[in-house]
Amino acid sequence: MKASLRRYRTPPGRPFAGRPPDHRVALLNPRSVAGQVFLLQALIVVLLVAAAVTMELLQSAYDALRQGRRESVVAAQAFANAPGLVQALRSRNPTAVLQPRAEAARKRAGVDFIVVMNTQGIRYTYPYPEYIGKKFVGDIRPSLQGRTLIEQAGGPPLPAGRGTDVQAVVPVTDDRGAVVGVVSAGLTAKNVARQWLPQVPITLVSGAAALAMAAGGTALVSRRLRRQTHGLEPAEMTRMYEHHDAVLHAVREGVLIIDADRRLVLANDEARRLLGLPADSEGRQVRELGLPDQISRLLVSGEPVTDQVHLADDRLLAVNKRPTFLNGVPGHSVVTLRDTTELAAVSGRAEVARERLKLLYEAGIRIGTTLDMVREAQELAQVAVPLFADVVTVDLLDAVMRGEEPTAEGRRRLRRAATTGELPMLRSVGQQIAFSSAAPQARALQQGHGLLSADLRQERGWQEQDPDRVGRALEQGAHSLVSVPLQARDVPLGVVSFYRVGDTPAFEHEDLLVAEELAARAAVAIDNARRFTREHAMAVTLQRSLLPRGQPEQDALEVAWRYLPAEAAVGGDWFDLIPLPGARVALAMGDVVGHGLHAAVTMGRLRTAAHNFAALDLPVDEVLAHLDELVARIDSEESTDDTAEGHRGYEVTGATCLYAIYDPATGVCTIARAGHPDPVVVDPNGTATCPDVPASPPLGLGGYPFETAELRLPEGSRLVLYTDGLVEDRTRDLDSRLAELRRTLERTAGRTPEETCRTVIDTIVPAHPVDDIALLVARTRLLPRSRVAEWDVPAEAAAVGTVRARCVETLREWGLEEIAFTTELILSELVTNAIRYGSPPIRVRLLHGRHLTCEVSDRSSTSPRLRRAATMDEGGRGLFLVAQLAQRWGTRYTAGGKVIWAEQTLDDDASTATGGTLADVLLEQFDDAAH
């Protein structure tokens, strides 16, 4: 608007035609707006003043007359009732007595006359003596009857002058009530007028002041109007706005002006037509106008736009938007709209072109939103119906549905992935489809391009496919078909069939091109989903192959677990359950940051390494330290120059791990965690708590120690380990999710680990997890004290016999006489080595569980070494015998020394085999000695 005004401004020094050169007289110019306003206001003020004066005169005259009547009555009655008046009237000379008294009373009362007369109306008193004795001018008859009369009448001159008198006539009565005379008092008109004449100047002055204020206000308004209109005269303003309105509403482009508060300030007729704006749209918020979401967001945004095409109803609008200033205020914007769909009117097929553009626009928005092949097929069918076809079917190759590359042989087997529309003869979703070689779908799939069947009654190949179903389809109105193959990157994926039914016009050649465009867009999305399905299946298969297949045999824990891969991409979550010597069990839970095959492979390397480190019977902190070195080494290998090319982005950005060892003989669980979430312990009563396990840095940082914690778990306690995918949620904080997990675990009091896993997964896990979830629940068991035998051994050779005797006695109590000799031999060799090479105190412990474990501990940190003794060596055969007789043996280090252990199986076959092995070993040793 301001720019428009500038076009009408006259250059400096050249006033507009008709404008007075002297702005001071503009107020008096009746042709100017200010002059006309001033004259109108002056006329209004004069009329108001005249009306006010008139009303004041009438009101004052009325009030003065009423006041005069009241004063006249008061004066007349007061004098008529004065003492001695009756005696004066009956005296010989009433005038001599009453004249002085009447004049004195007149002056005191402020009236113009007081006249006393007899019953015949002859005056006894009057202000002028020459009129005494003459007839009274007025009506005294009512007074003679005893009534008071107020009247207006003329009479002789008075001191106030001539004029109409307002007079009151009252009777004078004696003691008997007889009228003996009459008294009249009154005022002249001049005396009455003195009461209202002083108010007239006040009214006139007020009117003059109002007129002056009107002139001043008009002058201020005139200056303000000149400043706002940039000095334009009314005729110029009218001409400018007529031009503006004519141009604004005549152009074939929509124009919108939006203010800083996102309200619509102005919309021309074309904008109202293109957007379907209501009549009261101006002044309303843009979001309240019911516009399409994309148009509404564009109008309220502050960003400039150039020739962006947007869909509004059935029109494609080219939108331009520029920020501007309105009345000096920033934040406003001007938007222009151009209907590009009208360009198709040149060919006479504007409506068809708009529908096709709309169809392709919808396809571009709706197809390709997911990585699910079936969902993409459904989106294709839903987009095409009813804008393009009445019925759509999408059939994909079986291999494609599995995410595999289709083969030439596999192109004959298809499966119905989606169908939309009403045609009951069609097969339902999920059924296998086998097209004959003459069917349009098979020919389109074979030839690699779309086929148009404008009249299905003439399509023999389609009718021969399934005569019964085809006959019903023709009866239901199917008359036209377009078959288009779905292929991407020269890979056939399936075929889509577009049907038209009933009164819908048959397909034309242009429709075939549109169908091929739709199929091409959908094929890319379906192929992406197929490739994702294949990679996701490979990653899941790899990851599941790297995770535990079943539970190992152990007596310490009752365990159940769950693993749920993410929908989008497989991650690096892993867990493990590793039996250790001495009936102990190691629990591991880890998470590799990232997704995909690389994360799964890295997870497998970490799990294998953790399994190997656990087999060495290392403490929990040392296991984490070795894993930390492994992750750092993997990072280093992945980032080297010779391997980085082609593998960029595969570096391990971090990994977390929790490692714990549970000893059922003592009920102690030693645990450490590297950046992993806290475990949850549920005691036998059902109370869930997060124990205070020190948090160490994630794996791969290097150089940081890992702190451990020892938890004493009563029998029946449940130890719950999990990865962060179980408790992390973008919409909720971590503390609330952990609290929800604890509440869920408390509700599972008394349930098995399997039932606990099922409840947690059903309650906590979202319907569509975005990250992998691993959950492990272990319920503790304690080894009965009757299955544990331990005693201290003196550091002397004679103690070996005592140890062997107690061993035999203990095995007899446990019913293990079959392996007593072997166990006695193993234990004597271990105790002998501890006495000879170790440091006291020496302690022996036998554990009877799934295996029989012999443990000998001492304070020395030296580890025994297995070797084959030479023929002439006197020693060196003890550990060799232990290794041959025991199923497993080894050494583990403790804070106070070391433990040498040997483990034997307790099944009959193993016992028999051990007996044979013992004889063979002894004979072998004798053979070596003979040589």
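Because the structure is a prediction, the values reported are computed rather than measured. (Residues numbered from 1 in each chain as written. Predicted model: local features only at pLDDT ≥ 70, side-chain atom pairs only at ≥ 80, totals over all residues. Heavy atoms only, no water.)

**Quick look at the pairing of strand 31 (residues 897-905)**
Most of strand 31 is tucked away, with nine of its nine residues classed as buried. Taken together, strand 30 (residues 888-894) and the strand that follows it, strand 31, pair antiparallel across an intervening segment of two residues. (Buried < 20%, exposed > 50% of the residue type's maximum accessible area, 1.4 Å probe, protein only. Helix = DSSP H or I, 4+ residues; strand = E, 2+ residues; numbered from the N terminus. Pairing = 2+ DSSP bridges.)

**Let's talk about the sheet that holds strand 29 (residues 851-858)**
Hydrogen bonds between backbone atoms are what pair the strands of a sheet, whose relative direction is either parallel or antiparallel. Read across the open sheet, the five strands follow the order 27-28-29-31-30; overall the sheet is antiparallel. The sheet terminates laterally at strand 27 (788-793) and strand 30, the two strands that pair on one side only. Neighbouring strand axes in the sheet, compared pairwise and without regard to direction, differ in orientation by 15° on average. Pairing between strand 27 and strand 28 (residues 842-848): six bridges, direction antiparallel. Across the sheet, residue Ala-789 finds its bridge partner in strand 28, namely Leu-846. Across the sheet, helix 23 (residues 799-814) touches strand 27, strand 28 and strand 29, and the angle it forms with strand 27 is around 170°. Its contacts with the sheet place helix 24 (residues 820-837) against strand 27, strand 28, strand 29 and strand 31, and it is angled at close to 15° to strand 29. (Axes fitted to C-alpha atoms, helices over the stretch in contact; angles between N-to-C directions. Contact = heavy atoms within 4.5 Å.)

**Notes on the pattern of salt bridges**
Taken as a whole and assessed by the stated rule, the structure comprises 32 salt bridges. Here Arg-607 makes a salt bridge to Asp-576, at a shortest N to O gap of 3.2 Å. One end of the pair, Arg-607, is in helix 18 (residues 597-615); the other, Asp-576, is in strand 17 (residues 571-579), with 31 residues separating them in the sequence. Accessibility assignment for this pair places Arg-607 and Asp-576 in one class, buried. Between Asp-678 and Arg-673 there is a salt bridge whose closest N-O contact spans 2.7 Å. Overall, the relative accessible area of 25% leaves Asp-678 in the partly exposed class. Through salt bridges that share partners, Arg-785, Glu-790, Asp-792 and Arg-843 make up one connected network. (Salt bridge = Lys/Arg side-chain N within 4 Å of Asp/Glu carboxyl O.)

**Some thoughts on the nonpolar core**
If you look at the biggest cluster of nonpolar residues, it comprises 54 residues, and the most contacted ones within it are Leu-557, Leu-587, Leu-627, Tyr-659 and Leu-776. Beyond its immediate sequence surroundings of up to four residues, Leu-557 is in contact with Leu-577, Val-585, Leu-587, Tyr-662, Ala-778, Arg-779, Thr-780 and Arg-781. Listed in part, the 45 residues of the second largest apolar core include Ala-377, Ala-381, Ala-439 and Ala-519. (Core = buried A, V, L, I, M, F, W, Y, C linked by side-chain atoms within 4.5 Å.)

**Considerations on the pairing of strand 17**
The element strand 17 is largely enclosed, with a buried count of eight among its nine residues. Bridge count between strand 17 and strand 18 (residues 585-595): nine bridges; the pairing is antiparallel. Across the sheet, the residue bridging to Gly-571 is His-595, located in strand 18. Between the antiparallel neighbours strand 17 and strand 18 lie five residues, among them Gly-582 with a positive phi of about 75°.

**As for the environment of Tyr-659**
Checked against the element boundaries, Tyr-659 lands in strand 19 (residues 655-663). On the accessibility criterion, Tyr-659 (1% relative accessible area) is buried. Once the C-alpha coordinates of Tyr-659 and Gly-590 are considered, the two residues, 69 residues apart in sequence, prove to be 8.5 Å apart. If we ignore the near neighbours within four places in the chain, the residues touching Tyr-659 are Ala-586, Leu-587, Ala-588, Ala-614, Val-620, Val-623, Leu-624, Thr-670, Ile-671 and Ala-672.

**Observations regarding the packing of aromatic side chains**
Within the structure shown, the criterion is met by five aromatic pairs. Aromatic pair Phe-388 and Phe-507: ring centres 5.3 Å apart, planes at 40°, arrangement tilted. Of the two residues, Phe-388 is situated in the loop between helix 12 (373-384) and strand 10 (391-397) and Phe-507 in the loop between strand 15 (491-501) and helix 17 (509-546); the sequence distance between them amounts to 119 residues. For the pair Phe-388 and Phe-507, a shared accessibility class is recorded, and that class is buried. Measuring from ring centre to ring centre gives 5.2 Å for Trp-561 and Phe-575, while their planes differ by 50°; the resulting arrangement is tilted. Remark: Phe-575 occurs in strand 17 and Trp-561 occurs in strand 16 (residues 557-564); sequence separation between them is 14 residues. (Phe/Tyr/Trp six-rings, centres within 6.5 Å; stacked < 30°, edge-to-face > 60°.)

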